[in-house]
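Tertiary structure, described
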Amino acid sequence: MQPPDFRTSNPQAFPVLNEEQIAVIAEYAERKLYTNGDVLYRAGEKDFRFYVVKSGAIDIVDRSSGTPRLVVTLMPGEFTGDLANLTGRPSNIDAIATGTTEVYEICEPDLRRIIGKRPGLSELILLTFIIRADALRDAEDFTGLRVIGTRYSSDAFRLRDFLTKNHVLYTFLDVKTEAAQVKSLLTAFQLNESDMPVVGYGQEWLLKNPSNDELAARIGIKHEFTKRRVVDLAIVGGGPAGLAAAVYGASEGLHTIVLDEVATGGQAGTSSKIENYLGFPTGLSGAELARRATLQAEKFGVQFSIPSQATKLTFADNMSVLHLANGEEVRAKALIIASGADYRRLNVEHRERFDGAGVYYAATPMEAQMCGGETVVVVGGGNSAGQACLFLAESARKVFLLIRGRDVGQSMSDYLVQRILESRNIELLTGTEISKMLGDGHLAEVELKNNQSGARTAISVGGVFSFIGAYPRTAWLPKEIETDAKGFINTGPRVADSIQWARVRAPFYLETSRAGVFAAGDVRAESIKRVGSAVGEGAMSVQFVHEYLKELGR
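Residues numbered from 1 in each chain as written. Predicted model: local features only at pLDDT ≥ 70, side-chain atom pairs only at ≥ 80, totals over all residues. Heavy atoms only, no water.

1. Section: the overall build of the protein
For clarity, the threshold we go by: Working definition: helices are DSSP H or I runs of at least four residues, strands are E runs of at least two. Numbering for both runs from the N terminus. Taken over C-alpha atoms, the radius of gyration is set against a globule rule of 2.2 Å times the number of residues to the power 0.38. Relative accessibility decides the category of a residue: with a 1.4 Å probe and only protein chains considered, values under 20% of the type maximum give buried, values over 50% give exposed, and everything between is partly exposed. Throughout, a contact is declared for two residues whenever any of their heavy atoms are within 4.5 Å. By the counting rule applied here, Lys and Arg register as positive and Asp and Glu as negative, while His and the ends of each chain are not counted. We put the charge of a Lys on NZ, of an Arg on CZ, of an Asp on CG and of a Glu on CD.
Helices and strands together make up the secondary structure of the protein, namely 14 helices and 26 strands. Here the protein has a C-alpha radius of gyration of 25 Å; the compact-globule value for 554 residues is 24 Å, and the two agree. Along the first, second and third principal axes, the C-alpha atoms of the protein reach 80 × 65 × 45 Å. Considering the protein as a whole, with its 554 residues, one finds that 55% of them fall into the buried category. Sequence-distant contacts, at least 24 apart, represent 68% of the contacts inside the protein between residues at least 6 apart. Charge-centre separation for the protein: the mean point of 61 positive side chains lies 3 Å from the mean point of 67 negative side chains.

This is the structure we're talking about:
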């Protein structure tokens with residue numbers, strides 16, 4: 001049965017094109033005739049077409065629960081499609097003709113031409129795609145992928161974290177709390193609890209504890225590159241700096257690719273709410289910023305390959321050669337390193353046993369749900385820690401904020417400090433650190449030590465959230481890329497006198513010790529560790545890329 005409220009609760013998701021808009025569509029489309037029951041595309045299919053109904057109707061069907069379910073019926077003037085049409089990802093649903101149906105069929109390159117050349121229609125299509133993605137994500141009766149495991153499994157957390165950061169719709173089934181449904185699925189696939197965690201779609205396929213690479217390949221979100229491929233601009237890192245560089249590079253005609261090990265967004269993507277980013281007075285989540293920026297980049301034709309790990313950088317024929325973990329190579333005329341930084345790990349004995357099983361390095365709705373109603377500890381004195389405290393306080397019973405110093409205001413914005421001090425369920429503990437972690441398979445208790453008095457206190461916790469400084473992701477770089485003592489990349493004036501610099505001209509401001517290789521964002525030495533400055537550096541770096549390519553006559 002069709003949910004009676006899906007269309008009515010999301011009216012903007014189903015606009016009807018007027019005659020003028022359909023005339024524009026007709027310029028790019030091929031008219032096709034389908035009979036009742038013909039499948040236009042199925043869930044899991046990539047590179048599927050965009051359709052506008054001329055006559056007849058198209059049923060949108062969801063099979064992810066294992067039982068086909070009608071989501072909505074598209075009528076004349078309405079169109080199919082979602083963000084996957086632009087991202088190259090597989091469809092989440094089936095599209096099936098009902099009755100004799102005539103459509104305007106448009107391939108992906110022509111859809112991009114419409115979006116690039118027809119602003120009015122472009123805005124309508126993109127907004128509709130975004131609204132549909134949000135509506136499907138929020139729909140209680142949409143299953144998407146299934147992840148089956150326990151909430152305390154680090155591998156189950158890894159898989160959920162990967163899917164969440166990559167905006168892949170899924171439902172998590174806990175072996176303990178969803179026992180009946182899980183048992184039915186395990187029986188259907190002839191599995192037992194020792195096979196957990198597993199990821200599957202409907203009754204069609206299932207993977208046992210896949211790696212992120214395996215899962216990405218199975219669900220069709222990973223873009224493979226052919227060996228020795230040459231691009232104008234390669235960007236390593238999909239955080240704010242990398243995304244900004246991608247948008248400006250592709251929009252200015254550069255063949256641009258972005259590689260990232262996990263997902264777009266970087267550290268900013270894990271922020272529950274960013275309130276000091278220009279243009280968003282009510283704030284926005286890091287995940288939403290990453291999603292919108294990624295769509296913006298894809299609109300201009302940027303190609304993303306995720307997960308793709310750059311393991312080595314070499315140089316040949318005035319090009320940067322990126323060697324990837326899967327053996328592929330990408331050759332780039334210019335390279336921007338925006339690989340960012342990772343939060344440091346707590347120096348507590350046995351901590352590694354609890355990573356992903358009680359110790360977390362992001363505070364998103366997923367982690368908040370896992371720790372709802374419990375006591376949690378946040379470690380760190382920067383803005384990320386402050387934002388995490390306020391976000392977790394909405395669902396946790398109690399939040400302890402631990403800093404090693406005496407004044408949280410030294411490294412945290414005042415607006416966050418004031419809210420923390422006024423919160424009824426956040427307690428600030430200065431001069432305090434975690435000295436011990438205990439638990440059987442999942443973190444259950446921590447010992448807090450006051451560094452001044454030496455007093456120790458044990459508390460039961462649902463989770464520890466660590467935001468304690470950062471180290472740059474530069475271990476994969478060669479000696480030609482000069483770094484400072486902490487591993488952050490030197491650029492501009494800092495490399496002008498470097499023995500690595502081999503040009504008559506001075507290096508550009510964001511240029512590294514190797515001409516044609518630039519650094520932007522948190523990975524760069526002396527950068528301001530803020531989202532706004534990272535975006536600015538990413539955009540600025542593209543101007544220097546153009547100057548460098550002109551210099552080479554390219």
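2. A short note on the sheet that holds strand β23 (residues 456-460)
This is how it is decided: Strand pairing is defined by DSSP finding a minimum of two bridges between the two strands. Under this scheme, a helix contributes an axis fitted over its contacting stretch, all axes are lines through C-alpha atoms, and angles between N-to-C directions fall in the 0 to 180 degree range.
Ordered by their spatial adjacency, 3 strands build an open sheet running β21-β22-β23, and the pairing between neighbours is antiparallel. The sheet is open, and its two edges are formed by β21 (432-439) and β23, each paired on a single side. Averaged over all pairs of adjacent strands, the angle between strand axes in this sheet comes to 25 degrees, irrespective of strand direction. Direction of pairing for strand β22 (residues 443-450) relative to β23: antiparallel, over a ladder of 5 bridges. For E445, the partnering residue across the bridge sits in β23 and is S460.

3. Notes on the pairing of strand β18 (residues 375-379)
The cut-off we apply is this: By convention a crossover is right-handed if, when the strands point away from the viewer, the path from the first strand over the helix to the second runs clockwise.
Across the 5 residues of β18, 5 count as buried, placing the element largely inside the fold. Alignment of β18 against strand β19 (residues 398-402), held across 5 bridges, turns out to be parallel. Within the sheet, the bridge partner assigned to V377 lies in β19 and is F400. Viewed along the sheet, the connection from β18 through helix α12 (residues 383-392) into β19 turns out right-handed.

4. Overview of the packing of helix α4 (residues 108-117) against helix α5 (residues 119-138)
Axis angle and axis distance: for two packed helices, these are the angle between their axes and the distance between the axes, and together they describe the pair. Going by this rule: In this classification, the charged set is Asp, Glu, Lys and Arg, the nonpolar set is Ala, Val, Leu, Ile, Met, Phe, Trp, Tyr, Cys and Pro, and all remaining amino acids, among them Gly, are polar.
Two elements in contact, α4 and α5, have axes whose closest approach is 6 Å; the angle formed by their N-to-C orientations is 115 degrees. Residue-level contacts link L111, I114, I115 and K117 of α4 to P119, L121, S122, I125 and L126 of α5. When its residues are assigned to classes, the contact of α4 with α5 shows 7 nonpolar, 1 polar and 1 charged.

5. Details of the pattern of salt bridges
Applicable threshold: Just to be clear on terms, a salt bridge is a Lys or Arg side-chain nitrogen sitting within 4 Å of an Asp or Glu carboxyl oxygen.
Tallying each qualifying case throughout the model produces 35 salt bridges. With a shortest N-O distance of 2.3 Å, R112 and E108 are connected by a salt bridge. Of this pair, R112 and E108 both sit in helix α4, 4 residues apart, which is roughly one turn of that helix. Overall, the relative accessible area of 29% leaves E108 in the partly exposed class. Within the structure, one salt-bridge network assembled from shared partners comprises D134, R137, D138, E288, R291 and R292.

6. Section: the side chain of T432
For clarity, the threshold we go by: Pairing of N or O atoms within 3.5 Å defines a polar contact, subject to two protein rules: one partner must be a possible hydrogen donor and the other a possible acceptor, and residues neighboring in sequence count only if both atoms are side-chain atoms.
Inspection of the secondary structure puts T432 in strand β21. Engagement of the side chain of T432 in a polar contact is seen with the backbone oxygen of T430, the distance being 2.9 Å. With near-sequence residues (within four places) excluded, T432 lies in contact with L402, I403, R404, L448, K449, N450 and N451.

7. Some thoughts on the side chain of E105
Structurally, the position occupied by E105 is in strand β5 (residues 94-106). Side-chain polar atoms of E105 contact the side chain of K32, separated by 2.9 Å. Of the polar contacts made by the side chain of E105, one reaches the side chain of Y34; its length is 3.2 Å. With sequence-adjacent residues up to four places away left out, E105 is seen in contact with A29, E30, K32, Y34, R49, F50 and Y51.

8. Things to note about the sheet that holds strand β20 (residues 426-429)
Sheet architecture is open: 5 strands sit in the order β17-β24-β18-β19-β20, paired in parallel fashion. Looking at which strands have only one partner, the edges of the open sheet turn out to be β17 (359-360) and β20. Across 4 bridges, the pairing between β18 and strand β24 (residues 463-466) is parallel. In the sheet register, V377 faces β24, and the bridge partner there is V464. Packed on one face of the sheet, α12 meets β18, β19, β20 and β24 and runs near 170 degrees to β18.

9. Examining helix α14 (residues 531-551)
Worth spelling out the cut-off: Helix span, expected: 1.5 Å multiplied by one less than the number of residues in the helix.
The first and last C-alpha atoms of α14 sit 31 Å apart over 21 residues, in line with the 30 Å expected at 1.5 Å per residue. Of the residues making up α14, those classed as buried are V531, A534, E537, G538, S541, V542, F544, V545, H546, Y548 and L549. Of the surrounding secondary structure, the elements contacted by the buried residues of α14 are β10 (229-236), α9 (240-251), α10 (286-299), β15 (329-337) and β26 (517-519). Positive phi appears at G553, one or two residues downstream of α14, with a value of about 75 degrees.

10. Comments concerning the confidence of the model for the protein
Rule in force here: pLDDT is a residue-level measure of predictor confidence that goes from 0 to 100.
Chain-level pLDDT for the protein is 92 on average; 98% of the residues reach the 70-or-more range. The secondary structure element of the protein with the lowest average pLDDT is helix α7 (residues 179-188), at 80, and the one with the highest is β26, at 98.

11. Observations regarding α9
One turn of the α-helix equals 3.6 residues, which is why residues spaced by three or four share an orientation. Taking 1.5 Å per residue, 12 residues should reach 16 Å; α9 reaches 16 Å between its end C-alpha atoms and fits that length. Most of α9 is tucked away, with 10 of its 12 residues classed as buried. Within α9 the residues assigned to the buried category are P240, A241, G242, L243, A244, A245, A246, V247, G249 and A250. Among the structural elements, β10, β11 (256-259), α10, β12 (303-305), β15 and α14 are those in contact with the buried residues of α9. Just beyond α9, the residue with positive phi is G253, at close to 95 degrees.

12. A short note on the packing of aromatic side chains
This is how it is decided: For Phe, Tyr and Trp, where Trp contributes only its six-membered ring, two rings pair if their centres lie within 6.5 Å, and the inter-plane angle classes them as stacked under 30 degrees, edge-to-face over 60, or tilted in between. Look at NZ for Lys and CZ for Arg. If either is within 6 Å of the ring centre and within 35 degrees of the ring normal, a charge sits over the ring.
Scanning the entire structure with this criterion turns up 12 aromatic pairs. Each ring, one from F50 and one from F79, has its centre 5.4 Å from the other, and the planes form 40 degrees; the classification is tilted. Taken together, the positions of F50 in strand β3 (residues 50-62) and F79 in the loop between β4 (69-74) and α3 (84-87) put the pair 29 residues apart, joining distant regions of the chain. Residue class for F50 comes out buried when judged on its relative accessible area of 1%. Residue F79 is classed as buried on the basis of its relative accessible area of 0%. Three or more aromatic residues link up through ring pairs in this structure, and these residues are Y34, Y41, F48 and Y51. Residue placement shows R7 over the ring face of F14; its charged tip is 4.8 Å from the ring centre.

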